[in-house]
Amino acid sequence: MELIDSHTHLDFADFDADRGALLADSRALGVSRMVVLGVYQANWQRLWDLVQSDSQLYAAFGLHPVYLDDHRPEHIQQLGDWLTRLAGHPQVCAVGEIGLDYFLAHLDRERQQALFEAQLQLAADFQLPALLHVRRSHAAVIASLKHFKLKRGGIIHAFAGSREEAREYLKLGFKLGLGGAATWPQALRLRKVIAELPLHALVLETDSPDMAPAMFPGQRNSPQHLPAICAALAQIIGITPEQLASASTRNACELFGWPSAGL
C-alpha cells in the first residue's frame, strides 16, 4: 500500500533529533513520497537543503498567512527568484503554503489578501499547483481562485468546509487534503461531509508536526501516522484503507505530475 503525505513541515526543528530514522520508518510503512512546504522566507534554504538530501522529498515554497508579520515586500520578489532559479526541477512541486487565515483576529485581512494574490499570480506564472491554508476564509479564497483560474489547481489543506464549498473547490480543479482532524470523534460535521466526497477529490496529509490524529493524542505528528490516518478516514468513508490509499496516491500523482508506480 503506497501512500503520499501531501503536506508536511519536516524541515522544522521538531524533527532534528531523529529525522533520518523517521523517514526510514515512514518508508517502511508505505509512505513513499512527502511534500515539505515553506512558510516564510527564512526557512526556504533549510527546506531546499533537506529536499536535496532525499530524492523522494518534494519542495513547495511560500509565505504563510500566519507568519504575516515576518513577511516583507521584497520576499515576494525573492519567492519569484527562487521559482525562476529552480524552474523545471523535478523536486519543486508547488507554491505553498499560502492562503488566508480569518481565525486569528490580529492578522490584517487586506495585507493577507495582497500577499495571497501575489503568490497566486506566481503559481499561475510558473504553472504550479497552489497548496492553500484556509481558516474561516472559504468565501474569500474561492473568490480569489475564481479570479486567477489556476490551470493546475492545487490542494485545500486540512479541508474542513461544507459540501457546497467542497463542490466549488472541485470545480476550480482543487483537491481536498484530509488528515488527522476528522479522526477525532467530535468532528461530526466534518465526518458527514467527508463521507460524501468523491474519491477523485481526496489527497492525504499529516501537517507534521501538527494536527496529530486521535490515535496519537498529544504527540508530535509524523508521516509515520499516515497509514493509521488512512485507515480511520477509510472507515468514515466506508471503503477499505487500500482503496483510499490507491485513490489518494493516484490523485496526488496526477496533481503534481509524478509517475504513479504500481497504480
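The name recorded for the protein chain in an unreviewed UniProt entry is Deoxyribonuclease YjjV, from Pseudomonas protegens. UniProt lists a comment for the protein chain under the heading Sequence similarities (unreviewed entry), and it reads "Belongs to the metallo-dependent hydrolases superfamily. TatD-type hydrolase family."

Caption draft 1: Structural view of the packing of helix α8 (residues 226-237) against helix α9 (residues 241-256). Where α8 meets α9, the closest approach of the two axes is 8 Å, and the angle between their N-to-C directions is 105°. On the basis of their axis angle, the class for α8 and α9 is roughly perpendicular. Counted together, Cys230, Ala231, Leu233, Ala234 and Ile237 of α8 and Pro241, Leu244 and Ala245 of α9 form the full contact between these two elements. Per-class residue counts for the contact of α8 with α9 are eight nonpolar, no polar and no charged.

Caption draft 2: Expanded view of the UniProt feature "binding site: a divalent metal cation 1" (unreviewed entry) in the protein chain. According to UniProt, the feature "binding site: a divalent metal cation 1" (unreviewed entry) maps to His7, His9, Glu97 and Asp207 in the numbering used here. The greatest C-alpha distance among the residues just named is 10.9 Å, despite their covering 201 residues of sequence, which places them together in space. Of the annotated residues named above, the ones that line the largest pocket are His9, Glu97 and Asp207. As for its placement among the helices and strands, histidine 9 is situated in the loop between β1 (3-8) and α1 (19-28).

Caption draft 3: Structural context of the pattern of salt bridges. Counting across every chain of the model gives 11 salt bridges. Measuring nitrogen to oxygen at the nearest pair gives 2.7 Å for the salt bridge that ties aspartate 16 to arginine 19. You can call aspartate 16 partly exposed: its relative accessible area is 42%. Accessibility expressed as a relative area gives 15% for arginine 19, which makes it buried. With a closest N to O distance of 2.7 Å, arginine 135 and aspartate 101 form a salt bridge. Taken as a pair, arginine 135 in strand β5 (residues 130-135) and aspartate 101 in strand β4 (residues 92-101) lie far apart in primary sequence, 34 residues in all.

Caption draft 4: Highlighting the UniProt feature "binding site: a divalent metal cation 2" (unreviewed entry) in the protein chain. With numbering aligned to this structure, UniProt lists the feature "binding site: a divalent metal cation 2" (unreviewed entry) at His133 and His157. For the residues just named, distributed over 25 residues, the greatest C-alpha separation is only 5.6 Å, placing them together at one site. Lining the largest pocket, out of the annotated residues just given, are His133 and His157. With respect to the element layout, histidine 133 can be found in strand β5. For histidine 133, the contacting residues outside a window of four places in its chain are His64, Pro65, Val66, Glu97, Ile98, Gly99, Leu100, Asp101 and His157. Considering the arrangement of structural elements, one finds histidine 157 in strand β6 (residues 154-157). Assessed through its relative accessible area of 6%, histidine 157 is described here as buried. Those residues within four positions of histidine 157 in sequence are excluded, and the remaining contacts are His7, Glu97, Leu132, His133, Gly177, Glu205, Asp207 and Met211. There is a polar contact of 3.4 Å between the side chain of histidine 157 and the side chain of histidine 7.

Caption draft 5: Here's a closer look at the side chain of histidine 7. Positionally, histidine 7 belongs in strand β1. Look at histidine 7 and you get buried, because its relative accessible area is 2%. Polar contacts involving the side chain of histidine 7 include one to the side chain of glutamate 97, which spans 3.0 Å. Sequence-distant contacts of histidine 7, defined by excluding residues within four places in its chain, comprise Val35, Leu37, Glu97, His157, Glu205, Thr206, Asp207 and Ser208.

Caption draft 6: Up close: the pairing of β4. The buried fraction of β4 amounts to 10 of the 10 residues, a majority that puts the element mostly inside the structure. The pairing of strand β3 (residues 57-61) with β4 spans three bridges and is parallel. Within β4, the position partnered with alanine 60 by the bridge is alanine 94. As paired strands, β4 and β5 are joined by six bridges and run parallel to one another. Paired with valine 95 across the bridge in β5 is alanine 130. In this region the chain leaves β4, passes through helix α4 (residues 109-125) and returns to the parallel neighbour β5; the handedness of that crossover is right-handed.

Procedures and definitions
Residues numbered from 1 in each chain as written. Predicted model: local features only at pLDDT ≥ 70, side-chain atom pairs only at ≥ 80, totals over all residues. Heavy atoms only, no water. UniProt positions renumbered as here; feature names shortened; annotations may be inferred. Axes fitted to C-alpha atoms, helices over the stretch in contact; angles between N-to-C directions. Helix = DSSP H or I, 4+ residues; strand = E, 2+ residues; numbered from the N terminus. Parallel < 35°, antiparallel > 145°, perpendicular 65-115°, else oblique. Contact = heavy atoms within 4.5 Å. Nonpolar A, V, L, I, M, F, W, Y, C, P; charged D, E, K, R; others polar. 1 Å grid on protein atoms, 1.4 Å probe; cavity = no way out; pocket = protein on both sides within 12 Å on 5 of 7 lines; lining within 4 Å. Salt bridge = Lys/Arg side-chain N within 4 Å of Asp/Glu carboxyl O. Buried < 20%, exposed > 50% of the residue type's maximum accessible area, 1.4 Å probe, protein only. Polar contact = N/O pair within 3.5 Å; in protein donor to acceptor, adjacent residues only side chain to side chain. Pairing = 2+ DSSP bridges. Right-handed = clockwise from strand over helix to strand, strands pointing away.

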